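Now for the letters of each chain:
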Amino acid sequence: MSAVATENNNENANDQTNGNDVYPLALLMDELKHDDISNRVEAMKKLDTIALALGPERTRDELIPFLTEVAQDDEDEVFAVLADELGNFVPYVGGPEHATILLPALEILASTEETLVRDKAVASLNNIACELSEQQILNDFIPLIEHLAGADWFSSKVSACGLFKSVIVRIKDDILRKNLLALYLQLVQDDTPMVKRAAAKNLPTLIDLLRQNPDLSNDVDWDFISNMFQKIINDSQDSVKFLAVDCLIAILKFFNTKNDDVHFKDLLTSAVKLSTDEAWRVRYMAADKFDTLASQFAGNNEYLTELLPPFLGLCEDNESDVRKAIANEIPGFAKLFKDHQPNVILTKILPAVQNLSMDENEIVRAALALKVTNLVELMSKEEAIENLLPILLNMLKDEFPDVRLNIIANLKVVNDVIGIDLLSDSLLPAITELANDINWRVRMAIIEYIPILAEHLGVQFFNQQLSDLCLSWLWDPVFSIREAAVKNLRRLTEIFGPEWCRNEIISRLLKSDSQLLENFIYRFTLLSALTALIPVVSEETVTEQILPFVKHLADDAVPNIRFNVAKSYAVIIEVLSSNKEQYDEVINGSILPSLKSLCDDSDVDVRYFSNQSLEKCNKLLNITN
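As the structure is a computational prediction, the values presented were derived from the model and not from experiment.

Visitor: Would you mind showing me how to read the packing of helix H10 (residues 174-188) against helix H12 (residues 219-233) here?
Guide: Relative placement of two packed helices is described by the angle separating their axes and the distance separating the axes. Contact pair H10 / H12: the axes reach a minimum separation of 10 Å and the direction vectors enclose 5°. Of the possible angle classes, the one that applies to H10 and H12 is roughly parallel. On the side of H10, the interface is formed by Arg177, Lys178, Leu181, Ala182, Tyr184, Leu185 and Val188, while H12 contributes Val220, Asp221, Phe224, Asn227, Met228, Lys231 and Ile232. Each residue belonging to the contact of H10 with H12 can be placed in one class, and the counts come to 9 nonpolar, 1 polar and 4 charged.

Visitor: Got a minute to help me understand the UniProt feature "domain: Phosphatase 2A Regulatory Subunit A helical" (unreviewed entry) in the protein in this structure?
Guide: Per the UniProt record, the feature "domain: Phosphatase 2A Regulatory Subunit A helical" (unreviewed entry) sits at residues 509-615. For residues 509-615, helix accounts for 70% and strand for 0%, while the C-alpha atoms at its two ends are 30 Å apart.

Visitor: I tried to follow the pattern of salt bridges on my own but got confused; where do I start?
Guide: When their charged atoms lie close together, side chains carrying opposite charge are able to pair. Per the counting criterion, the structure on display carries 21 salt bridges. The residue Lys196 makes a salt bridge to Asp235 at a minimum N-O spacing of 3.1 Å. Of this pair, Lys196 sits in helix H11 (residues 193-212) while Asp235 sits in the loop between H12 and helix H13 (238-241), placing them 39 residues apart in sequence. Taken as a pair, Lys196 and Asp235 share a single burial class, namely buried. For Asp601, the salt bridge is made with Arg562, and the minimal N-O distance between the two is 2.9 Å. Taken together, the residues Asp601 in the loop between helix H34 (584-599) and helix H35 (604-620) and Arg562 in helix H33 (residues 559-576) connect sequence positions 39 residues apart. Taking the relative accessible area as the measure of exposure, Arg562 reaches 10% and is therefore buried.

Visitor: Would you mind showing me how to read the packing of aromatic side chains here?
Guide: Centre-to-centre distance and the angle between the planes together describe a pair of aromatic rings. On inspection of all chains with the given rule, the structure shows 19 aromatic pairs. Relative to Trp500, the ring of Phe462 lies with its centre 6.0 Å away and its plane at 65°, an arrangement referred to as edge-to-face. Separated by 38 residues along the polypeptide, Phe462 in helix H27 (residues 459-465) and Trp500 in helix H30 (residues 498-509) bring together distant segments of the chain. A single burial state applies to Phe462 and to Trp500, both of which are buried.

Visitor: What am I meant to see in the confidence of the model for the protein here?
Guide: Close reading of the predicted structure is inappropriate where its pLDDT is low. Here the protein averages 87 in pLDDT, while 94% of its residues score no lower than 70. Below pLDDT 50 for its whole length, residues 1-20 participates in 0 contacts with residues either more than four positions away or in separate chains.

Visitor: What's the story with the packing of H33 against H34 in this structure? I'm lost.
Guide: The interhelical angle for the contact between H33 and H34, taken along N-to-C directions, is 150°, at an axis separation of 10 Å. Taken together, the axes of H33 and H34 lie roughly antiparallel to each other. The handedness of the crossing between H33 and H34 comes out as left-handed. Listed contacts from H34 to Arg562, Val565, Ala566, Tyr569, Ile572, Ile573 and Leu576 of H33 are Val586, Ile587, Ile591, Ser594, Leu595 and Leu598. A class-by-class count of the residues in the contact of H33 with H34 yields 11 nonpolar, 1 polar and 1 charged.

Visitor: Would you mind going over a negative patch on the surface with me for this structure?
Guide: Together, Asp73, Glu75, Asp76, Glu77, Glu113, Glu114 and Asp119 make up a region of like negative charge exposed at the surface. By the element assignment, Glu113 lies in the loop between helix H6 (103-109) and helix H7 (115-131). The class for Glu113 is exposed, based on a relative accessible area of 54%.

Visitor: Before we go on, may I ask you to explain the environment of Thr112 in this structure?
Guide: Residue placement: Thr112 occurs in the loop between H6 and H7. Sequence separation between Thr112 and Phe79 is 33 residues; the distance between their C-alpha atoms is 9.1 Å.

Quick notes on the rules
- Residues numbered from 1 in each chain as written.
- Predicted model: local features only at pLDDT ≥ 70, side-chain atom pairs only at ≥ 80, totals over all residues.
- Heavy atoms only, no water.
- Axes fitted to C-alpha atoms, helices over the stretch in contact; angles between N-to-C directions.
- Helix = DSSP H or I, 4+ residues; strand = E, 2+ residues; numbered from the N terminus.
- Parallel < 35°, antiparallel > 145°, perpendicular 65-115°, else oblique.
- Contact = heavy atoms within 4.5 Å.
- Nonpolar A, V, L, I, M, F, W, Y, C, P; charged D, E, K, R; others polar.
- UniProt positions renumbered as here; feature names shortened; annotations may be inferred.
- Salt bridge = Lys/Arg side-chain N within 4 Å of Asp/Glu carboxyl O.
- Buried < 20%, exposed > 50% of the residue type's maximum accessible area, 1.4 Å probe, protein only.
- Phe/Tyr/Trp six-rings, centres within 6.5 Å; stacked < 30°, edge-to-face > 60°.
- pLDDT = per-residue confidence, 0-100.
- Left-handed = near helix turned anticlockwise from the far one by under 90°.
- Patch = residues over 30% accessible without salt bridge, like charges linked within 9 Å, V, L, I, M, F, W, Y side chains within 5 Å.
- Areas by Shrake-Rupley, 256 points an atom, 1.4 Å probe, with all protein chains shown as cover.
- Lys, Arg positive; Asp, Glu negative; His and termini not counted.
- Charge placed at Lys NZ, Arg CZ, Asp CG, Glu CD.

As structure tokens, then:
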């Protein structure tokens with residue numbers, strides 16, 4: 001009798017469990033039909049939970065058909081989440097052998113007009129394609145691509161362009177690959193600019209895949225790709241034509257991998273054509289990638305020489321964006337001439353640099369300043385002093401702060417080759433002017449560069465020329481500057497060492513004008529600076545110089561000062577606790593009594609932070625209450 005009762009109880013428990021599983025599932029399915037879009041979006045984000053509850057078979061039979069219906073009638077926000085989720089759904093439908101059941105819903109989503117939804121659908125389709133077998137690719141995925149590419153509406157064709165990369169190198173049959181490339185060529189020639197742009201944008205990826213699988217491609221493939229490239233470079237739409245630059249680079253890389261330079265003369269002609277195109281967007285793209293483009297012709301002096309006129313033309317372009325882009329490419333392009341035609345750098349490239357350094361547009365000058373110092377590595381010390389140094393000196397006097405900042409930030413290479421002495425006369429006024437700029441963000445930027453300069457210039461130069469400046473920032477009216485100045489002193493100590501800090505920084509800080517310290521902000525800043533230096537100076541410096549000043553402020557009239565003293569005590573104890581026997585008298589006779597006194601302070605904040613610090617100190621010293 002009891003056995004029967006037990007069995008009945010188990011059955012009831014199982015029914016209850018199944019009911020509990022079905023209820024939240026039914027609730028989520030209802031939410032996918034909810035009127036409120038935010039509910040539907042949240043429900044879509046829980047699709048993996050639904051699928052796990054259903055299991056693979058019911059997911060395939062019930063959930064996926066339902067989602068396919070949803071994909072045809074809902075809002076873009078819901079579609080975007082659905083498209084994203086389906087890309088990770090292969091394990092939930094029973095593995096790769098059942099993955100093709102996901103394709104119909106994603107094909108619908110890939111045909112929507114909303115770009116975000118299409119992009120997510122294409123990404124998910126590419127993820128799924130990686131898990132499909134060759135047979136599934138042939139029977140299901142390629143027909144999907146063909147269907148999208150043959151659709152009437154542009155959105156389907158745009159999505160099709162992004163799917164070829166998943167199958168192009170997995171197809172071993174030459175005829176089938178030829179048919180796919182012919183289909184892609186149709187997309188390149190489509191009447192709609194959006195489709196042509198998508199095809200041109202994805203073409204470099206296809207070429208790179210063929211480059212990585214050189215045994216796979218044949219001459220017929222390259223006839224198609226050549227035709228595609230010619231269609232793109234000769235397109236009437238600027239928004240399509242400028243994408244030819246990336247295509248050209250991909251083609252050049254392919255032939256360089258194969259050590260085949262038969263087509264290079266024609267490809268050079270294309271490079272020159274793009275660099276001198278009448279449309280500024282095309283020239284901009286050529287300028288932006290000029291170093292990468294030119295480096296594909298490295299080793300062929302004749303071809304590199306032919307690229308000089310278009311390069312110089314871009315340096316003098318009417319559009320400031322083009323000049324800005326080419327300014328970033330100058331050192332990389334110049335480097336190609338270093339070994340075989342070094343005179344080109346001095347006679348052709350540096351005059352162009354000189355003109356750009358005086359460009360009417362400050363953004364162009366700032367872009368040049370970021371990279372121009374790298375030219376010093378491409379010439380001898382004497383040549384750099386004679387030809388490049390005057391340009392750098394002039395840019396250090398530029399009226400636009402970003403130009404001066406960018407030069408200063410990249411002086412290391414100049415220092416390595418010609419030394420900093422020749423720049424010092426212009427460098428110091430530039431730094432001083434930036435340090436006193438009316439814009440506090442400019443002052444902040446130069447503070448951040450000071451440690452970099454300190455490493456390059458050395459301690460002697462720093463002590464003579466920049467030390468006073470670094471200390472003056474501690475008294476800046478802007479808190480962020482004072483805070484940055486404190487951090488700056490710590491970084492400088494890490495560079496120059498604790499002994500330097502003791503003699504050059506701490507001793508001078510402790511001699512600060514007493515009238516200045518009547519302002520509590522200055523007392524607070526000085527306390528912050530000394531506290532920040534505690535971990536990077538010697539224990540002797542802490543006990544002999546820093547601690548007396550900190551203890552003196554324990555009786556300060558301002559509560560903010562007193563509770564920061566409590567925080568400083570904790571930092572001091574942390575340093576001294578490693579040798580607590582040696583500093584027992586200092587810790588127990590001076591610091592802890594003062595800290596305990598602050599714990600009884602009249603101000604609630606002082607008591608709070610003091611108790612926190614005391615607790616931390618006790619832990620460090622292994623003192624139990």
